[in-house]
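Take a look at the letters that make up each chain.
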2 protein chains.
Amino acid sequence: MDRSNVIDLDGVRRRCGQLTARQLCLPAGIDPLEREHVDAIVRRRRALPAGARLYHEGDPLAHVYVAHRGAFKTVALAENGDEAILAFHLPGELIGLDALGADAHRGSAVALEDAEVCELRFDELLTAAARLPRLQQQLLRVIGQGVERDHRHVGMLLRRQAHERVAAFLHDLGERHRRLGLETRELRLPMSREDIAGFLGLALETVSRSLTRLQEDGIVAVRGRRLEVLAPARLAALAAGAEAAAGARAGR
Amino acid sequence: MDRSNVIDLDGVRRRCGQLTARQLCLPAGIDPLEREHVDAIVRRRRALPAGARLYHEGDPLAHVYVAHRGAFKTVALAENGDEAILAFHLPGELIGLDALGADAHRGSAVALEDAEVCELRFDELLTAAARLPRLQQQLLRVIGQGVERDHRHVGMLLRRQAHERVAAFLHDLGERHRRLGLETRELRLPMSREDIAGFLGLALETVSRSLTRLQEDGIVAVRGRRLEVLAPARLAALAAGAEAAAGARAGR
DNA sequence: CGAGTCTTTGACTTTGGTCAATTTGTGTGG
DNA sequence: CCACACAAATTGACCAAAGTCAAAGACTCG
């Protein structure tokens, strides 16, 4: 750790610390003294233009990131050629834990729009975690939440009906917005239909049709990448795999 | 990777899986002082009859397990009612990390056949990890491998063609057999067709048909739950999403 | 050997993928 | 500010793939 000047570190803390703290510290009730250790790990903010890659497949695991502004997707290109989308990351969510198993990133992370991330040095995070049991616990919890995210993704992919997958996707997006303290009724979709399709294992036309149908059923209102949830309960029911007919019948 | 001196959770898994370990599933190649810590974590072995649950949804996270004999599946029942299969676990593989995010298991683990597991107390594992950087590192690596497993699962589910999913599943199973030092040519499928279907998001009839087709194409030979890989390269190609026609053409 | 489950196979139907054309939206330069 | 060009999204028509229902065959375990 090259002696970074105090001023700069302070700046980092002011600008980034709060967000990072929320993710890593607050839930664990880490006291201010300990928190300083964590703050020191947050290195800097990095700005990325839309389409830029935060890291590439094969890069060694050096940092983990917290999306600060703008959304990201993590992708892994199949031997096939076309890219599989493994996750979307909203502001406030962690990025980069796909490298845990091999010390090297298995995919890459792409900014979906102009974005900024906070960068955390992974090795320093580990040493701090060894010293602070609460941080260790919280780190594992955050990792576990990433695992849960993947499981929700699998849950979506196991839904056989396309519009159920789309509903599950929108529902999940809404839930995450709620947990992050963002707008929950009016959602902005930072990713293209093609990205959604790549995430859900559908053709992009099917995604479009599903959205249209959800709109016809009065469950959401879609205008481009802006989406309003009109009937959260019915959206949740569809996402959960309830009889598709139930919603449709009432809606038409 | 780094082999010497690393506290080898991989070793724990292998030894447990190979039936060579007695009471203690101990990693070799670590100094006696460290070794003692790890010793204490492995509690006992538990035997389970086919169909028994290792833990249930909602159970607090107390242990993680290593399958010792027999295979397991981890399932989460969708609000829907029917159960989603999140993973299969072969002898030697870790079970129970789905609870990291919430301290409670999000699904349950079921023995697919008469089985035994090694039980590790999770809290003790954490304290030991805080004291032993190598163990901490290794623990994270194992968790990361679980994440990679989930990503491979997603990769399968993103394949649109049913027989590609099935091929990817069999290929993955073969790879895992290889890594665990098990038979790679002649695979035993410890799970039912219904389970495979539940894992791949297909109807069980489709799984059956796909297997038949893979057999007709000369890629595998199937007799019930015993399966022989005849053309590993073509299986891998199919799994990777190569033109399905390539294999079929050559095979017929 | 028999009862049960598991698996395969067949016939039919529905869903969603593909190809293609149109409309909407976005950003740029005149 | 408008017009233009390009990309993104929608919509339609058609077809192949997979789901469903149903029945027969194979395997397992008592």
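Residues numbered from 1 in each chain as written. Chains lettered and ligands numbered in written order. Predicted model: local features only at pLDDT ≥ 70, side-chain atom pairs only at ≥ 80, totals over all residues. Heavy atoms only, no water.

Per an unreviewed UniProt entry, chain A carries the name CRP-like protein Clp and comes from Vulcaniibacterium thermophilum. Chain A has a UniProt comment under Subcellular location (unreviewed entry) that states "Cytoplasm". Taken from UniProt, the Subunit (unreviewed entry) comment for chain A reads in full: "Homodimer." (UniProt positions renumbered as here; feature names shortened; annotations may be inferred.)

Trainee: Break down helix H6 (residues 193-200) of chain B for me, with residues and values.
Mentor: Here H6(B) has its buried residues at B:Asp195, B:Ile196, B:Ala197, B:Phe199 and B:Leu200. Looking one or two places after H6(B), you find B:Gly201, whose phi comes out positive at around 70 degrees. (Buried < 20%, exposed > 50% of the residue type's maximum accessible area, 1.4 Å probe, protein only. Helix = DSSP H or I, 4+ residues; strand = E, 2+ residues; numbered from the N terminus.)

Trainee: Can you break down the protein's contact with DNA strand C residue by residue, with the values?
Mentor: With respect to spatial proximity, 18 residues lie near DNA strand C, and among them A:Ala162, A:Thr206, A:Arg209, B:Arg193 and B:Ser208 are the closest. By atom count, sugar and phosphate contribute 62% of the portion of DNA strand C lying within 4 Å of the protein. Between DNA strand C and A:Arg160 there is a distance of 3.4 Å, counted from a phosphate oxygen to a backbone nitrogen or oxygen. Side-chain polar atom of B:Arg193 to a phosphate oxygen of DNA strand C: 2.8 Å apart, as the coordinates give it. Counting only elements with at least two residues in the surface near DNA strand C, the list comes to helix H7 (204-216) of chain A together with helix H7 (204-216) of chain B. Sorting elements by how many residues they give to the surface near DNA strand C places H7(B) first, with 5 residues. Looking at side-chain class alone, the surface near DNA strand C contains 4 nonpolar, 6 polar and 8 charged residues. (Near = heavy atom within 4 Å. Polar contact = N/O pair within 3.5 Å; in protein donor to acceptor, adjacent residues only side chain to side chain. Nonpolar A, V, L, I, M, F, W, Y, C, P; charged D, E, K, R; others polar.)

Trainee: Give a detailed account of the sheet that holds strand E9 (residues 186-188) of chain A, specifying residues and quantitative values.
Mentor: Residues and elements named next belong to chain A. The 3 strands are arranged E9-E11-E10 in an open sheet whose pairing can be described as antiparallel. Where the open sheet ends on each side, the last strands, each with one partner, are E9 and strand E10 (220-223). Taken pair by pair, the neighbouring strands of this sheet meet at an average axis angle of 20 degrees, ignoring direction. Contacting E9, E10 and strand E11 (226-229), helix H5 (residues 162-179) runs over the sheet at an angle of about 105 degrees to E9. (Pairing = 2+ DSSP bridges. Axes fitted to C-alpha atoms, helices over the stretch in contact; angles between N-to-C directions. Contact = heavy atoms within 4.5 Å.)

Trainee: Report on the layout of surface pockets, specifying residues and quantitative values.
Mentor: Unoccupied space between atoms shows up once a probe the size of one water molecule is rolled over them. In this structure, the second largest pocket occupies an estimated 1,100 Å³ of space. Along its surface, the second largest pocket is lined by 38 residues, and A:Gly155, A:Arg159, B:Ala78, B:Glu79 and B:Ala84 are the ones closest to its centre. The biggest single contributor to the lining of the second largest pocket is H5(A), with 7 residues. Here the lining of the second largest pocket is composed, by residue class, of 16 nonpolar, 7 polar and 15 charged. (1 Å grid on protein atoms, 1.4 Å probe; cavity = no way out; pocket = protein on both sides within 12 Å on 5 of 7 lines; lining within 4 Å. Points joined across faces, edges and corners; volume = space filled by probe spheres on them.)

Trainee: Requested: an account of the packing of H5(A) against helix H6 (residues 193-200) of chain A, with residues and values cited.
Mentor: Residue and element names in this part refer to chain A. Where H5 meets H6, the closest approach of the two axes is 11 Å, and the angle between their N-to-C directions is 105 degrees. Classified by the angle their axes make, H5 and H6 are roughly perpendicular. Where H5 approaches H6, its residues Arg165, Val166 and Phe169 are matched on the opposing element by Ile196, Phe199 and Leu200. When its residues are assigned to classes, the contact of H5 with H6 shows 5 nonpolar, no polar and 1 charged. (Parallel < 35°, antiparallel > 145°, perpendicular 65-115°, else oblique.)

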